[in-house]
Structure formats: C-alpha cells, structure tokens
2 protein chains.
Amino acid sequence: MTKIKIGLFGFGVVGQGIYEVVRKSKNAHAEIVKICVRDPKKPRKIEVDPSLFTTSVDDILDNQNINLVVEVIDDADAAYNIVKRAMLRGIPVVSGSKTMLAKHLPELIEIQKTRNVALLYDASSCGSIPVIRNLEEYYDNDLLLEVKGILNGSSNYILSRVFDHKDSYANALAQAQALGFAESDPSFDIEGYDSLFKLVIITVHALGTYVAPERIFTYGISTIHDSDIQYAREKNVKIKLVAQVVKVSDEHFTMFVMPEFVTPAKYIYSVDDEYNGVVIRGECYDRQFMFGKGAGSLPTASSILSDIMARLNNYRYEYKKMNYIEKPDYTTDITLKIYARYKETDVQGILNFSKIHEQFISEESNYVIGEIPLRELLEKRSQLSGRDVFLANIPIFFLNRD
Amino acid sequence: MTKIKIGLFGFGVVGQGIYEVVRKSKNAHAEIVKICVRDPKKPRKIEVDPSLFTTSVDDILDNQNINLVVEVIDDADAAYNIVKRAMLRGIPVVSGSKTMLAKHLPELIEIQKTRNVALLYDASSCGSIPVIRNLEEYYDNDLLLEVKGILNGSSNYILSRVFDHKDSYANALAQAQALGFAESDPSFDIEGYDSLFKLVIITVHALGTYVAPERIFTYGISTIHDSDIQYAREKNVKIKLVAQVVKVSDEHFTMFVMPEFVTPAKYIYSVDDEYNGVVIRGECYDRQFMFGKGAGSLPTASSILSDIMARLNNYRYEYKKMNYIEKPDYTTDITLKIYARYKETDVQGILNFSKIHEQFISEESNYVIGEIPLRELLEKRSQLSGRDVFLANIPIFFLNRD
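Okay, so let's go over this structure. What you see is a predicted model, and the numbers here were worked out from it, not measured in a lab. (Residues numbered from 1 in each chain as written. Chains lettered and ligands numbered in written order. Predicted model: local features only at pLDDT ≥ 70, side-chain atom pairs only at ≥ 80, totals over all residues. Heavy atoms only, no water.)

## Comments concerning the overall build of chain A
If you tally the helices and strands in chain A, you get 13 helices and 17 strands. Against the 2.2 N^0.38 benchmark of 21 Å for 402 residues, chain A shows a C-alpha radius of gyration of 22 Å, consistent with a compact globule. For chain A, the spread of C-alpha atoms along the three principal axes comes to 65 × 50 × 35 Å. Every one of the 402 residues in chain A was classed for burial, and the buried ones make up 63%. When the accessible surface of chain A is totalled, it reaches about 15,400 Å², and 46% of it is carbon and sulfur. Each charge sign in chain A was given a centre, from 47 positive and 54 negative side chains, and these centres are 4 Å apart. (Helix = DSSP H or I, 4+ residues; strand = E, 2+ residues; numbered from the N terminus. Rg over C-alpha atoms; globule rule 2.2 N^0.38 Å. Buried < 20%, exposed > 50% of the residue type's maximum accessible area, 1.4 Å probe, protein only. Areas by Shrake-Rupley, 256 points an atom, 1.4 Å probe, with all protein chains shown as cover. Lys, Arg positive; Asp, Glu negative; His and termini not counted. Charge placed at Lys NZ, Arg CZ, Asp CG, Glu CD.)

If you want it as structure tokens, here you go:
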C-alpha cells in the first residue's frame, strides 16, 4: 500500500474541507504535499503551513513525489487545463468540477483509456451521496430505467424557504448566499445549470451515453412568482427543481431539467432545504432512494476522501455501460404536460402546444396547462430567456414515476 | 471478458428471481448452467429446462465449466457446507444466506484470503439496498460513526399494519406470511434474528470487527400489546424494530437490535410496510439515508445480479477496515433508557434498572421507564424469554441520533 501524496488545486471552502478531512483520516494513508492557489496571502479560516502553497501549476505537475492531483477550483477552463495536463502526464486525478466534466467528459474518458490513468469525480454530483459510484458499480446492469432527483441544494433551499417558511424568493436567495449554499454565480444554481451538468455526468454512468449540455432542455426557478406558489399550494404539491434521465422505451431515453409539481406521495417531496435526493428506478428493484447533503465544504470533502481512498486500491471507472450491447439513444421526441405561467409574453405564440387542457386569465397573471413536445421546448428555449414565464412539469406521461 | 457460468443452489422465490433476472440481462454475460435443488419435480412458477436441475452438490462443484456458485438456500448448515466446499476448491461464491454468514464470517473471510477466492453477499443485508458495497467501498474511511436502520421487511410490515392501519398483530402477521414477506419460520423475523444477522454482517464492513450474534442484545416485537401501541400513539411516535451499530467513543462501539420509539423527525419514521431504510452517519457528511425494497424475490435477485456482474471485473471485498490502524472495541458498557411493559412478570425483580423515571400500574398492564446498562439487558435476556414483557428503546443517550 503506497502512501497517497496529493497535489491540491484550489483552497476555497471545499479545498479547506479536504485539508481538514485528510488530516482526520489516518487510514486514508494520504497527505497533502502542495496546494496550488491564485493568492497564497489571502486570509483563510484554516491555519496552513505557508510552505505548502504555490501559485505554479508546474510545481505540482513536475513534483515526482505527488501521485494524485485533487482539483476543486471554481474556474472550469482552468480546471480543464490542469486536469488534462495531469492526466496526459499519467497522474491520476480526483475532480469536483461538474461544469468542466459535463463539457469535456468525452475527451477525458478517451485520455483515461489511452493513457491508462484514472479520473474520479464522485463529489461532482450530489456531494456526499455516492450516486456515480453506485451507478457505475452496483446499478451496472440492464435493469436501470430512470435516475431522477433534486441535484442542486441551493435552489432547493430557496424553494423550501418559499414553500415551508413563506419567505419571499429574494429573501430566500439572499439567505442561501449568506449560508454559502449558492455558487459564486447564483444563476448557475437557480437557472438549472448546476443540475444540468450533474445530470450529464450521471447519464454517462447510468446509461453509458454522453449528451452535450446544450442538447438538453433546462429551465430554472428564477421566474417563479407568488401566483405559482399559491397555485401549487392549492393543488397540494410542492415545486421542486428536478433533473431526470428516463428510459422511455428499449431503444430511447430522454432527459431534462425543469421545475416540477411534486405530489406528497413521491420520495423527493420530503427532500427539503439544502439536501439532495436521488431516486434510482429499475426493473425488479423498483425505486431506491438516496438522500443526504449534496453540497457544502465538509460533505463534499468527505466524498473527495472516498475517491482519494479508492485510489489506494487503484480504483478507476470502467464506463461499463458505454460498452453495452444495445445502448438506448437520446430523444426529445416525447410529450410533456406542463404548466406555463406568464404575464405579458404571448406564451402560446411562442410555444406550439399540441393540446391545451386549461387556460386561466386574470389581471394578476395568466397560465396555460397543456401538452407539448420536449423538442419544441428545447427549440424555443432561447425565446423564453429573460421573459416573465415560469414553466413546471406535471408528470403524468410516464406511469409510476417518482 | 469471460462469460460467467453459474451453478445455482436453491430454486425458491429468490432462486427463481435470479433465473429471471439473469435471463433479462444481456450485459451480465452470465448463464445459469446447473441448478441444485432437493426435489427437481416440485411444482414451480417458472418453466425451466428439466436438464438444468440436479440433486447432487458435486454435479456443480465438479463441473469445470462453472466459474461462479450462487447460493440462495434456506438451510444455513447446508449453505455453509456448500459455500465452504466451493471456496476451498477456488470457486468464487455469491451468497444470500445471512444466518450462515453471520455465524461463519470469520472462517469464510480467512478462506477468502488464504485461497484467494471471492465471496460476495450484498443481497444478504437489505436486499436491493447496496449497504455492504457502500460501506466497503465508499464509507471506507475514518469518518463513519453509526449505521442504524430497519433491516427486516416482514416485522416492519407488521408494525406498519398495526400502526397505520390499526390491524391486530395476529392479522398483520398472517398477512405478511400470505404476501411472502415473512421467512418460513416467522419467529426469525419477529424475534429480531434476521435483523441481528444482517447487523453482524454490516458491522464487519462498517467498523472492521466481527461480533458473534450471541454477544449482541436482541429483542423482537412478538410481545407487543395494544397498550404499547396506544402508548406510542399518545406520544406521537412509531414503534420500529431497529438495528444499530454506533461508535460511542474513539475506542468503543456498541450494537443491539430492539424495538424503538421513533419520532417523526427521524428518517426511519417514514420507512413503512415491507421497506428497509438505513441511515449511515459520519463526521463531515452527517446522515445519508438509503431506502428501498429489502426483501422479495426480484429485489433480492437484482442485488444478486449486481454481485454476479461485479465478478466480471473480478471484484472482491478487501475487508479494508479489518486492517485499520486503531479499530474500536465492542462494548455493552453503555446505558439505555427503555420502556418495559409487563403484566404478571416482576420486571424490576429481573432487570436491575440503574434509575427509574416513570412507573405505571393498572388493571390492564403496567410499565416502567428507566435507565439500564446494555450489559444487564444482555445478561438477563434469557430470563425474559417467553414472558409477557415488551421492551422499547427510547433514544436519548446518544445525541443527534436518527
């Protein structure tokens, strides 16, 4: 058993959490040898021997002592460069950068194969909930039908405040930022991109297929109004920001991120505050529910620790499902039933509903409930940007869904 | 990638589920080559080529084609003999026999090491919930503090019927048996032995220590009365049969199985019917909750399938925590607060409470609430057998427990 000598990139909340957790874990046989940061002099909560810091990437990549790079920096492009360079030199990497991974996974998977080097990233999706590892190792069979969940703690915290504590949206957002749940750019959380990037990564391990983020319909919660909340309360449902990948037939699967009306019978109904919850559904085992802290310094660091320790046994992802005999193809050719609330925007002029179920017009706000192809939503997505339109999925078309 | 050729022992509900699941899974690259049963002529729900059946253990163990033994028989002694013989011949084994495993794990772990042969048994604990695998691979670090859960679907189903549907205990038990949740000997479920054996296995992977079942205090639900249910309802708690292993200090851990008063704030409060739920608590990641179907033909078979496919990559448990630097020791030297309801039995004459909090005496039934060392409960366990005494844990002594 070799000792793991870590070169750490990034020393923000997660990086500092890793430092603490590694120090606590005698059995990890791990040590942080160097920490690469932009500004070593920046005041930090944790006391660290200043000689550990460097501002030079090469100080870590050229260090023959270091046998693992752990990368938890906020800048996706910088992360990509570091991770790729490390891997090309044959240094295994543990990364928490979902944006970077969601954009570059195909290339990084290829490098893993051609250079025979590991890249682990369980912390990138749902923090301390071991979703990737379980999809890769345990649900690695033909039975898997669906992965659906609340993948973003920040937007879920906001929706919980608004629903359970009758806070205003603006207040709730400010509070999420104050508590450190929200990313540095809050639009990342509330517009659904954080969930989207996690869903892209999850889908690679759930069904063996990479789908580029821009091909996936994503709608966030920033346009939510009191009237939406009131509507949901009257119907006894909660509004949750839900990401899902679902097999719709033996040949096809679909995926999207959008607010959803969630009934009390669903597992994710009770996933509140900053928590994440993931439902894994399959033939034979039905629904498995995994629940825990999806973000934050120490929960994310504990997940990084699991990846670090996995390297003690030379663990790497095999991307088993990419080699499956018959993989389903991605489709947006399915029909959803949605709620679309608007004020000024001519929603029915933009979105071509295939069927209208309900229409409501008032001085305050208007809504329409109808059926619409997912393809249509994806195509018209850009026309809805910046508009006073809130959309929510009303799940009825796939039977028995959580 | 070699094809997995399976010799299957047992063709009851689980065995037949495995047959179905393996047939469904093209990507398992697995085939059932022989099925060893006691009576090939017994009528079964599934049509199977009769030439697959054999009554001879050696027909499978001597078959050079077979590279995996899957054992799901009901008789623990027979299972032990088969599993041990297979392993001694170097044939890897997947087993679902918790009783056998809980009794013989130390010897079977030794054989795995000396003969360099795999024994996988994720299905033995909580069916389709991947508890063992996650403890072994993901929560394999110093942070783990506690594993606590509802591990037996049958007793949980009975308690749910009694609590949520106001069924009588006798009715609920009969229904559990009719639905096939209960083991062939129902006392195994309702006296807590099923949970106990699972807890023994879980503890090996959670903290790296094997504790023999007879050293662990176990109390079931068979003595529950209407007055207990009424008491719990008045206090707004549910009674659940809970198994737990808890680190009580850096040096010690404790474990026991007994009914518990569970408040609505706890994750396991909403684990109803035949479901299982497990809370994994650790430093940094706090509480992770895993929830799913813990028993039944297909859920168990899907878990067996995960173990079968793990063999495609030559996966085996490393029992990492057994090699930990400082492992905590098992202790019963902790104090619990319990509720003890009785009718005729002189409970305070048998059990030496260290402190009495409440006492209630009536024509119908009596109870006492007090503090008692776990050691005392374990020592007096046999004196309570067959008595009209119901015990329930009132968790207060470990702070922040779920």
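There is more to say after this.
## A word on the sheet that holds strand E1 (residues 4–9) of chain B
All names here are of chain B. Pairing is parallel in the open sheet, where six strands are placed in the order E3-E2-E1-E4-E5-E6. If you trace the sheet from one side to the other, it starts and ends with strand E3 (53–54) and strand E6 (119–120), each paired once. Of the strand pairs in this sheet, strand E4 (residues 68–71) and strand E5 (residues 93–95) are connected by three bridges, and their pairing is parallel. Looking across to E5, one finds that Val69 is bridged to Val93. Packing against the sheet, helix H1 (residues 13–24) makes contact with E1, strand E2 (30–36) and E4, and its axis sits at approximately 155 degrees to E2. (Pairing = 2+ DSSP bridges. Contact = heavy atoms within 4.5 Å. Axes fitted to C-alpha atoms, helices over the stretch in contact; angles between N-to-C directions.)

## Digging into the relation of the copies chain A and chain B
Between chain A and chain B, which share one sequence, the superposing operator has a rotation angle of 180 degrees and an axial displacement of 0.0 Å; the RMSD is 0.0 Å. Both chain copies can therefore be described as sitting about a two-fold axis. Rotation axis and chain A: the residue whose C-alpha lies nearest the axis is Met290 of chain A, separated from it by 2.4 Å. Looking at the interface residues of chain A, 100% of them are also at the interface in chain B, so both copies use one shared face. (Least-squares fit on C-alpha atoms with pLDDT ≥ 70 in both.)

## A word on the pairing of strand E16 (residues 366–373) of chain A
All names here are of chain A. With eight of eight residues buried, E16 is to be regarded as a mostly interior element. Burial along E16 is two-sided: Asn366, Val368, Gly370 and Ile372 and Tyr367, Ile369, Glu371 and Pro373, pointing in opposite directions, are all buried. Strand direction decides the pairing type here: strand E14 (residues 335–342) and E16, joined by eight bridges, are antiparallel. When the sheet's bridge partners are listed, Thr335 is paired in E16 with Pro373. Bridge count for strand E15 (residues 355–360) against E16 is five bridges, and the pairing is antiparallel. Opposite Gln359, over in E16, you have Val368 as the bridge partner.

## Notes on the sheet that holds strand E2 (residues 30–36) of chain A
Overall, parallel pairing links the six strands, which are arranged E3-E2-E1-E4-E5-E6 (chain A) in an open sheet. Of all strands in the sheet, those with a lone pairing partner are strand E3 (53–54) and strand E6 (119–120) of chain A, marking the two edges.

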